[in-house]
Amino acid sequence: METSSENACFGGVQGVYTHAAETTNCTMTFGLYLPPQAKEAEVPVMWYLSGLTCTHENAMVKAGAQAWAAEAGIAVVFPDTSPRGEGVADDEAYDLGQGAGFYVNATLPPWASHFRMWDYVTDELPAILFREFPLDPDRQAITGHSMGGHGALTMAMRLPGRFRSVSAFSPICNPTKSDWGKKQLTAYLGADNGQWAAHDASLLMAEKGFDGPMLIDTGTDDQFMDYLRPETLAQAIAARRQQAVVRMQPGYDHSYFFVATFMPDHVAFHAEAMAV
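A quick note: this is a predicted structure, and the numbers were derived from the prediction, not measured.

## Things to note about the nonpolar core
Moving on, step 1. Leu 32 and Tyr 188 are the most contacted members of the largest nonpolar core, which has 62 residues in total.
Moving on, step 2. By size, the runner-up hydrophobic cluster in this structure holds 24 residues, among which are Cys 9, Tyr 33, Ile 74 and Phe 258.

## Notes on the packing of aromatic side chains
Each aromatic ring pair is described using two quantities: the centre-to-centre distance and the angle formed by the ring planes.
Moving on, step 1. Throughout the structure, instances matching the rule amount to 14 aromatic pairs.
Moving on, step 2. Relative to Tyr 227, the ring of Phe 224 has its centre 6.2 Å away and its plane inclined at 20°; by these criteria the two rings are stacked.
Moving on, step 3. Accessibility expressed as a relative area gives 31% for Tyr 227, which makes it partly exposed.
Moving on, step 4. Among the aromatic residues, those joined into a ring-pair cluster are Tyr 48, Phe 78, Phe 169, Tyr 252, Phe 258 and Phe 262.
Moving on, step 5. Note that Arg 158 overlies the ring of Trp 118, its terminal NZ or CZ placed 4.0 Å from the centroid.

## Overview of the pairing of strand S2 (residues 12–21)
Moving on, step 1. Within S2, 8 of the 10 residues are buried, which leaves it mostly tucked inside the rest of the structure.
Moving on, step 2. Where strand S1 (residues 2–9) meets S2, 7 bridges bridge the pair, whose relative direction is antiparallel. Bridging across to S2, Thr 3 finds its partner in Tyr 17.
Moving on, step 3. From the end of S1 to the start of S2, which pair antiparallel, there are 2 residues, and Phe 10 there has a positive phi angle of about 50°.
Moving on, step 4. By the bridge criterion, 9 bridges tie S2 to strand S3 (residues 26–34) in an arrangement that is antiparallel. Counterpart to Ala 21 in the pairing with S3 is Cys 26.

## Quick word on the pattern of salt bridges
Moving on, step 1. Under the counting rule described, the total for this entry stands at 8 salt bridges.
Moving on, step 2. With a shortest N-O distance of 3.0 Å, Asp 119 and Arg 116 are connected by a salt bridge.
Moving on, step 3. The closest approach of N and O atoms between Asp 217 and Arg 247, which form a salt bridge, is 2.7 Å. Placement of Asp 217 in strand S8 (residues 214–219) and of Arg 247 in strand S9 (residues 244–249) is noted, with a sequence separation of 30 residues between them.
Moving on, step 4. Among the residues examined, Asp 217 registers a relative accessible area of 0% and is labelled buried.
Moving on, step 5. Classification of Arg 247 by relative accessible area gives partly exposed; the value is 25%.
Moving on, step 6. The network of salt bridges with common partners includes Asp 217, Arg 247 and Asp 265.

Calculation notes
- Counting restarts for each chain: residues are numbered from 1 in the order of the written sequence.
- With pLDDT at 70 or above as the cut-off, local features in this predicted model cover only qualifying residues; side-chain atom pairs require 80 or more to be listed or tallied, and sums for whole chains, interfaces and linings still use all residues.
- Only heavy atoms go into the side-chain values, all of them from the structure, while hydrogens and water stay out.
- Think of a nonpolar core as a cluster: buried Ala, Val, Leu, Ile, Met, Phe, Trp, Tyr and Cys residues, connected wherever their side-chain atoms sit within 4.5 Å.
- Using a 1.4 Å probe on the protein chains alone, a residue whose accessible area is under 20% of its type maximum counts as buried, one over 50% counts as exposed, and one in between counts as partly exposed.
- Between 30 and 60 degrees the pair is tilted, below 30 it is stacked and above 60 it is edge-to-face, where a pair is any two Phe, Tyr or Trp rings, Trp via its six-membered ring, whose centres lie within 6.5 Å.
- Comment: the charge-over-ring label is applied if NZ (Lys) or CZ (Arg) is within 6 Å of the ring centre and within 35 degrees of the ring normal.
- Segments assigned H or I by DSSP are reported as helices when at least four residues long, segments assigned E as strands when at least two residues long, and all are numbered from the N terminus.
- Pairing between strands is defined by DSSP: at least two bridges between them are needed.
- Any carboxyl oxygen of Asp or Glu within 4 Å of a side-chain nitrogen of Lys or Arg constitutes a salt bridge here.

Written out as structure tokens, the structure is:
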């Protein structure tokens, strides 16, 4: 692991680091904010998974999480959204290829050799973080925006006991039932939709649910509402009687202005869940 930068930030340190990743077969970059409390002891950690076209940097500089994380005494991890670099497959479309890993392990060429973002985020990167930094593996939470909200919800439900809480900003909730979602799932996983259900938050909610509290925010003016399908997840939550707060925020769209507005709520939500 190499340090790209470290900057003082709200009494803590905002770092950016690179390493050679075995899962994605390329160099990966991630951001990590350590609050001032990390100077004294291990701290809880909140994972933030970003959306389409983003790198590790977008949320790190736009979402405003550090101020609230410093106050709560929790670290924030900002992974990249896909493998990158020379030799890594890409596509002209914004929603496939580099910047659009969808947090799945691709099984089809040309994606399979690098696009294993599920294993990277759930296995390889955690091993590095808990080895190199003062983070408490028993106190983890996860959140994300859009494609990252999809990743956060699916990881939380498929990895019971890993995360104390899960939240999402305008998540992609039901990709198996939209033409747009089917495009990416087919490209990465093939036409057998039996492989898709493991990456559909609404289907996972109906099947498994989550063993903790959930918080989901979506703006009523979100320009991608037809792609997100938040009503499907809300219905599955209600049917399962899942512990959850689902909010439609009037007038907000899909931008980082929306994310930054409600970031304090999400950090406080996770800090409370990880307090014990």
